[in-house]
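# Notes for the structure review
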Amino acid sequence: MQATLSPPPDVRQRLLEAACEAFYEEGYRVSIDRIAARAHVARQTVYNHFSSKDALFAEVVHHAIQSVLVTLDGESDVRSTLLEFGHAYREKLLSPEGIAIFRTMMAEAPRFPALAQQFFRQGPIATRKRLASYLGRAMEAGLLRCDDPEFAAEMLTAMLADFDRLRGLLNPQTDPLKPTRTAQMVDCFLHAFAPEKDTP
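Remember, predicted model here, so these are calculated numbers, not experimental data. All residue numbers refer to positions counted from 1 along the written sequence of the respective chain. Local features are withheld for residues below a pLDDT of 70 in this predicted model, meaning they are given only at 70 or higher, and side-chain atom pairs are given and counted only at 80 or more; totals for whole chains, interfaces and linings count all residues. With hydrogens and water set aside, each side-chain value is computed from the structure's full complement of heavy atoms.

## Some details on the confidence of the model for the chain
Averaged over all residues, the pLDDT of the chain equals 85, while 89% of them reach at least 70. pLDDT is a residue-level measure of predictor confidence that goes from 0 to 100. Helix and strand assignments come from DSSP, with helices taken as H or I runs of at least 4 residues and strands as E runs of at least 2, each series counted from the N terminus. Helix 2 (residues 32–39) holds the highest mean pLDDT among the elements of the chain, 93, whereas helix 4 (residues 53–69) holds the lowest, 76. Predicted confidence for residues 1–7 stays below pLDDT 50, and this span has one contact to residues more than four positions away or in other chains. The contact criterion used is simple: two residues touch if any of their non-hydrogen atoms lie within 4.5 Å.

## What about the packing of helix 5 (residues 78–94) against helix 7 (residues 113–140)?
A fitted line through C-alpha atoms serves as each axis, taken over the contacting stretch for helices, and the angle formed by two N-to-C directions is quoted from 0 to 180°. Packing of helix 5 against helix 7 leaves a shortest axis separation of 12 Å and a crossing angle of 170°. Comparing the axis directions of helix 5 and helix 7 gives the class roughly antiparallel. Residues V78, T81, L82, F85 and Y89 of helix 5 pack against T127, R128, L131, Y134, L135 and A138 of helix 7. Just so you know the grouping, Ala, Val, Leu, Ile, Met, Phe, Trp, Tyr, Cys and Pro go in nonpolar, Asp, Glu, Lys and Arg go in charged, and all remaining residues, Gly too, go in polar. The class makeup of the residues in the contact of helix 5 with helix 7 is eight nonpolar, two polar and one charged. Any angle from 65 to 115 degrees is called roughly perpendicular, while one under 35 is roughly parallel, one over 145 is roughly antiparallel, and all others are oblique.

## Notes on the nonpolar core
Of all hydrophobic cores here, the largest spans 27 residues; its most connected members are V78, L82, L131, L135, L144, F189 and L190. Mapped by element, the contributors of at least two residues to this core are helix 5, helix 7, helix 8 (149–170) and helix 9 (179–192). Considering every element that reaches this core, the biggest residue donor is helix 5, with seven residues. Apart from residues lying up to four places away in sequence, L190 is in contact with V78, R79, L82 and L144. In this structure, L15, A39, V41 and F57 belong to the second largest nonpolar core, which totals 25 residues. We call a set of buried residues a nonpolar core when its members are Ala, Val, Leu, Ile, Met, Phe, Trp, Tyr or Cys and they connect through side-chain atoms within 4.5 Å of each other. Under the scheme applied here, a residue whose accessible area is under 20% of the maximum for its type counts as buried, over 50% as exposed, and between as partly exposed, the area being computed with a 1.4 Å probe on protein chains only.

## Structural notes on the environment of R145
Mapped onto the elements of the fold, R145 is located in the loop between helix 7 and helix 8. Separated by 46 residues in sequence, R145 and H191 place their C-alpha atoms 9.7 Å apart. Setting aside residues no more than four positions away along its own chain, R145 makes contact with M139, A192, F193, A194, P195 and E196. Separated by 2.9 Å, the side chain of R145 and the backbone oxygen of A192 make a polar contact. By the criterion applied in these results, polar contacts are pairs of N or O atoms within 3.5 Å in which, for protein atoms, one can donate a hydrogen and the other can accept it, and in which residues neighboring in sequence qualify only through two side-chain atoms.

## Comments concerning unusual backbone geometry
In this structure, H40 takes a positive phi of about 60° despite not being glycine. Looking at where H40 falls in the secondary structure, it is placed in the loop between helix 2 and helix 3 (43–49).

## What to know about the packing of helix 7 against helix 8
The geometry of helix 7 relative to helix 8 is characterised by a closest axis approach of 8 Å and an angle of 120° between their N-to-C directions. Relative to helix 8, helix 7 is oriented oblique. Judged by the twist between their axes, the crossing of helix 7 over helix 8 is right-handed. Here T127, R128, L131, A132, L135, G136 and M139 of helix 7 come into contact with helix 8, specifically with P149, E150, A152, A153, E154, L156 and T157. A per-class count over the contact of helix 7 with helix 8 returns eight nonpolar, three polar and three charged. In this scheme the crossing of two helices becomes right-handed for a clockwise turn of the near helix relative to the far one and left-handed for an anticlockwise turn of less than a right angle.

## Focus on the side chain of D164
Tracing the backbone shows D164 in helix 8. A polar side-chain atom of D164 sits 2.9 Å from a polar atom in the side chain of R90.

## Let's talk about helix 7
Here the expected span of a helix is defined as 1.5 Å times the quantity of residues minus one. Here helix 7 spans 38 Å end to end across 28 residues, near enough to the 40 Å set by a 1.5 Å rise per residue. For helix 7, the principal kink sits at I125 and spans about 35°. Backbone geometry just downstream of helix 7 places G142 in the positive-phi region, at approximately 80°. Bend angle per residue: angle between axes fitted to the 7 residues ending at that residue and the 7 residues starting there.

Following this line, the structure appears as structure tokens:
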């Protein structure tokens, strides 16, 4: 009996890249067949790796957000860490691909509420939770003013993306990715949460 050959290890990555491009260009309603064709694999190969299109979309979101969250794992000072996070976060959310995925999700949310909830959990909630954990440790170490780390995380992510994403959604001709804005926002955040000085 001939042994079954395992698929090449890069197949899953090719599927993720193809799915991201397909969702970006054609929206969530793109067919599995179109995604398979982009990845140069058979339709069944997609289902060998992902149980459904929902699962594939969720993995695309998860993969994107993990590349942002890894920036919080270093040993740099708080400002350097938040700058790296800020640049990565804005790049993911405000790039043409990020804007397109967000637009797709907002358009499909009423038709696919479970998918919208999954997107919210694996995207915004996961990001804020991990960022809040980092900020909480910085507060405990006296590097930031003690406050509610969940609120601080929501405040920073809103500063980094909300208005510029709205600008990108409504005026595609503009470029919302301005590197200098990241430093301005992070420095403003750090000023607001600067450690309280002991009074004599």
